[in-house]
Amino acid sequence: MTIRNHALVTVAALALSFSGLAQAQSPDTVVAELNGTAITFGEISEFQKTIPNAAEMDTAAILPRLIEFYIDQKLMGTAAKGRGLENDPGVQMQLQRLEDELVRQAYLRDEISDRVTEERIREAYDKRMETYVQDEEVKARHILVETEDEAEAILRELSDGATF
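Residues numbered from 1 in each chain as written. Predicted model: local features only at pLDDT ≥ 70, side-chain atom pairs only at ≥ 80, totals over all residues. Heavy atoms only, no water.

Student: How would you sum up the packing of aromatic side chains? Please name residues and give values.
Tutor: Considering all chains together, one arrives at two aromatic pairs under this definition. Plain terms: the ring middles of Phe-47 and Phe-69 are 5.5 Å apart, the flat faces sit at 50 degrees to each other, and that makes the pair tilted. Taken together, the residues Phe-47 in helix H2 (residues 41–49) and Phe-69 in helix H3 (residues 59–82) connect sequence positions 22 residues apart. Looking at Phe-47, the relative accessible area reads 14%, which means it is buried. (Phe/Tyr/Trp six-rings, centres within 6.5 Å; stacked < 30°, edge-to-face > 60°. Helix = DSSP H or I, 4+ residues; strand = E, 2+ residues; numbered from the N terminus. Buried < 20%, exposed > 50% of the residue type's maximum accessible area, 1.4 Å probe, protein only.)

See below:
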């Protein structure tokens, strides 16, 4: 028996097309139920952002698969907790590292949110551009000369260390 066999899963979108649901529903719209707990479109949308390559995909095109995958993830989490794996020392250590990282990220977002504005970025850019001097660039790939003797003379100069 699989984990799914032990769960009551109801997909609320039976009467609606998934593409219509994805395009017309609010984050609070219930798209499925798992053991009596509602799963909202907002939860599925946030879950999609955590999946590499799926974040850029059209939600409507992959909504049925997203819901299925989300439910599978929830069921595995429930099964793991049923075995007490959340109390494993290795899991606890990883959870602490993840929590620390999330708190650091929140702190940095909070610290820079008032300091880094579009206006300040523009001011810094404009100030930098006032003193910026671009070196002259020349990209030559060929030197055209009138005669073969001139070409050979230039080749000798270049082989002696002259710059192109």
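Student: Outline the confidence of the model for the chain, supporting the account with residue identities and numerical values.
Tutor: Here the chain averages 83 in pLDDT, and 85% of its residues register 70 or above. When pLDDT is averaged over each helix and strand of the chain, the minimum, 51, is found for helix H1 (residues 18–24) and the maximum, 95, for helix H4 (residues 89–113). Note on residues 13–17: pLDDT is under 50 here. Beyond four places in sequence and across chains, it has four contacts. (pLDDT = per-residue confidence, 0-100. Contact = heavy atoms within 4.5 Å.)

Student: Lay out the pairing of strand S3 (residues 37–40) with the relevant residues and their values.
Tutor: Pairing analysis gives four bridges linking strand S2 (residues 30–34) to S3, with the strands arranged antiparallel. Directly across from Ala-32, in S3, lies its bridge partner Ile-39. Where S2 folds back onto S3 in an antiparallel hairpin, the turn is made up of two residues, including Asn-35, whose phi is positive at roughly 50 degrees. (Pairing = 2+ DSSP bridges.)

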